Number of protein chains: 2
Amino acid sequence: MTRSITLLGATGSIGASTLDLVRRNPDDWQVEALTANCSAKELAALAREFGAKLAVVGDESCLAELREALSGSGIEAAGGADALCEAARRPVDMTVAAIVGCAGLAPTMAAVERGGTIALANKEALVSAGSVMTLAVAKHGATLLPTDSEHNAIFQCLAGGKIEDVARITLTASGGPFRTWERSAIEAATPEQAVAHPNWSMGAKISVDSATMMNKGLEYIEAHHLFPVGLDRLKIVVHPQSVIHSMVEYRDRSTLAQLGPSDMRVPIASCLAWPARMETPLEPLDLARIGELTFQAPDEELFPATRIAREAIEAGGAAPAILNAANEIAVEAFLAGHIGFSRITAVAEETLARYDAPPPDNLENILAVDSEARKRAREALETAPLV
Amino acid sequence: MTRSITLLGATGSIGASTLDLVRRNPDDWQVEALTANCSAKELAALAREFGAKLAVVGDESCLAELREALSGSGIEAAGGADALCEAARRPVDMTVAAIVGCAGLAPTMAAVERGGTIALANKEALVSAGSVMTLAVAKHGATLLPTDSEHNAIFQCLAGGKIEDVARITLTASGGPFRTWERSAIEAATPEQAVAHPNWSMGAKISVDSATMMNKGLEYIEAHHLFPVGLDRLKIVVHPQSVIHSMVEYRDRSTLAQLGPSDMRVPIASCLAWPARMETPLEPLDLARIGELTFQAPDEELFPATRIAREAIEAGGAAPAILNAANEIAVEAFLAGHIGFSRITAVAEETLARYDAPPPDNLENILAVDSEARKRAREALETAPLV
């Protein structure tokens, strides 16, 4: 049975993995819309290859290039933030929400408000929008399929189970590239060192988040919204091999875990085929070859991001959106060489401490909080001492 | 809601674990029947404690003692093989089939033929009866809930999934107490050494089976009947910590694993409460404290039992029943000091090679094969050289 699909964020890492799976199963999918921020030529090439009906660039200044690259194809072209939301509103069987950062929030919400089935790879959307998004999901009867490897693991471990029977959810964390480093070396870490993730090949922003463990902090907030078991039942364990992607312990002390290769095609395939399964071109798990899986408690002295994230979600309201925005600014500053590695989480925490916004109750408020938090984070960058 | 339960094998290890859970939830259960082989006083005490309506000893010579121990209680007493089957035929919401060895076959089949829900802890029943039992389950609409920790793990990992989507099922094996021993030391192993299992506290027979790895071989056969994915999709991995109890890999390369303490109350609770969950009095899983989980391929040169079992199920027909019977006789002889440790699997393999019975198609045939295989195994013990 052919199903229609829209891919918000077609030219990123998740987009490439999704299209790899669609390419292997051409009869199963009819591509409705593909979007990118500004990679017009690449987007046009994908739209032609997959026979998309619509291609959208979020940055309107790239629309002319897109139109030119699509000329003669019959594929519709559009540009700008509203066009992204309009693309997300078109009726399809499956929307993959894979726009990185807060830019994905409005299009993801548009897909939610259509009541569709959404493979959610844009964790910042859920971190910033939180209950605004989960309430919209409930109101519009949308289905969220978590695509982050950890949340997808939890989702799979909950299949056939009930959330009331859950005693504990444990997110696994690789610990990032600096897990075994001394504090002085971590403080002197360069962007090149921070983006060299030991297990996953990812974009620069998420790789830095993994090095600070803010990625796990944001996932912690995301998990809290997706799987409302309460913060005292939501834990993190460091598992450097990233073979177990997360776990659910039931009240009888049965723990279900999802294991697999560090390849996003596995959780994406799980969403695309849900509730069935589809083939992926990956090798079987060979634990005898892997030999050992190790585990340790997180070190929140050395990597305070998970503590900061937990405090943000405990505070509730605007705090997670502020944390997410401040972290994006701080990571940008680190990648540009403006601040040291340890300043990233410090800037996030300082921005949280200095900005007390009322709880946002709609998308407009969330975007306003996000914008103001970015401004405050930039101020923190300028006024605070560089480490 | 109170449900009725019959426990076949109340005085063994599985029986004690089951009754511990029933004792903790007295309002949830009404005990219909409890059975034992010959522990009349213990059985009577349990029947009184749990307010059972019926107590049965399989060995009729113990019936007088049971009657005396139950006098004045109003609890019905019965004895003999037929009485066990009659107890199993009484309508209840849940039957726990926990009689060790081939003695449990007929009562378990009686419960199956009633079309009931059966928590199956008697692996020899499924090994010996194989397709006779699975066909009876289908014909009578019975529900088998696997209670062996490995099979229960697989059952949990399949919840929400479809067997057609399974790429591989992996049984984990502790490797037993001799996993790291030299061949010469294994050959000289004593019964005391063989029953000292590193992770599980179990009866002598199953502990010896664990030391030879015949336990895993029998579980392999059991898994083949319970989860018919084909032998090429059924694997074994040695995992000394016994934290992961088994795994299911789906065709998208997602692997689901069930983890938990080495305590049979967890899989039993999973069966008793299925498809819901119930509390058990066990500690949460603490992987940071456990630190590491290790894995290695089985060494079938040193521990041939899993190879022999795989060959028996490949041969099909009567072979698994012959293997199971010969192994029981060989383990008895080892525990009695009559043969060395390495002779156990050798006797099983020799009996398999020397006895070519036609495929049994009913319970009577299976029991005849079982009986003849025991005779042949005893002959092999007498005629073959002791190692």
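Structure first, text after, so check above.
Nothing here was measured: the structure is a model prediction, and the numbers come from that model. (Residues numbered from 1 in each chain as written. Chains lettered and ligands numbered in written order. Predicted model: local features only at pLDDT ≥ 70, side-chain atom pairs only at ≥ 80, totals over all residues. Heavy atoms only, no water.)

S.K.: Give me the state of the cysteines: which residues, what numbers.
M.R.: Counted according to the given criterion, the structure contains two disulfides over all chains. Put simply, A:Cys38 and A:Cys62 are joined by a disulfide, and their sulfur atoms are 1.6 Å apart. On the sign convention where negative is left-handed, the bridge of A:Cys38 and A:Cys62, at about -80° about the S-S bond, is left-handed. One end of the pair, A:Cys38, is in the loop between β2 (29-36) and α2 (40-50); the other, A:Cys62, is in the loop between β3 (54-57) and α3 (63-69), with 24 residues separating them in the sequence. A:Cys157 carries a free sulfur, and the closest cysteine sulfur to it, the one in B:Cys157, is 8.0 Å from it. (Disulfide = S-S within 2.5 Å. Helix = DSSP H or I, 4+ residues; strand = E, 2+ residues; numbered from the N terminus.)

S.K.: Now, about the relation of the copies chain B and chain A: what can you tell me, with residues and values included?
M.R.: Superposition record for chain B on chain A: RMSD 0.0 Å, screw rotation 180°, translation along axis 0.0 Å. The two molecules are tied by a two-fold rotation axis, judged by turn and shift. Both copies share a contact surface, since 100% of the interface residues of chain B are interface residues in chain A too. (Least-squares fit on C-alpha atoms with pLDDT ≥ 70 in both. Contact = heavy atoms within 4.5 Å.)

S.K.: Pulling in residues and values, what's your account of the interface of chain B and chain A?
M.R.: Contacts between the two partners involve 43 residues from chain B and, on the opposite side, 43 residues from chain A. Buried area between chain B and chain A, summed over both chains or domains, comes out near 3,600 Å², and the portion from carbon and sulfur atoms is 52%. Looking only at chain B, the three residues that lose the most surface to chain A are B:Asp252, B:Arg253 and B:Arg277, adding up to 20% of its buried area. Between B:Asp252 and A:Arg277 there is a salt bridge, with the nearest N and O atoms lying 3.0 Å from each other. Applying the counting rule to chain B against chain A returns 28 residue pairs in polar contact (both at pLDDT 80 or more). For the side of chain B that touches chain A, the secondary-structure elements that each account for two or more residues are α7 (149-158), β10 (244-250), β11 (255-259), α12 (265-273), α13 (287-290) and β12 (292-294) of chain B. For the side of chain B that touches chain A, a count of residues per class yields 22 nonpolar, eleven polar and ten charged. With three bridges connecting them, strand β12 (residues 292-294) of chain A and β12(B) associate as antiparallel partners. Across the sheet, A:Leu293 pairs through a bridge with B:Leu293, a residue of β12(B). (Buried area = accessible area lost by both parts, 1.4 Å probe. Salt bridge = Lys/Arg side-chain N within 4 Å of Asp/Glu carboxyl O. Polar contact = N/O pair within 3.5 Å; in protein donor to acceptor, adjacent residues only side chain to side chain. Nonpolar A, V, L, I, M, F, W, Y, C, P; charged D, E, K, R; others polar. Pairing = 2+ DSSP bridges.)

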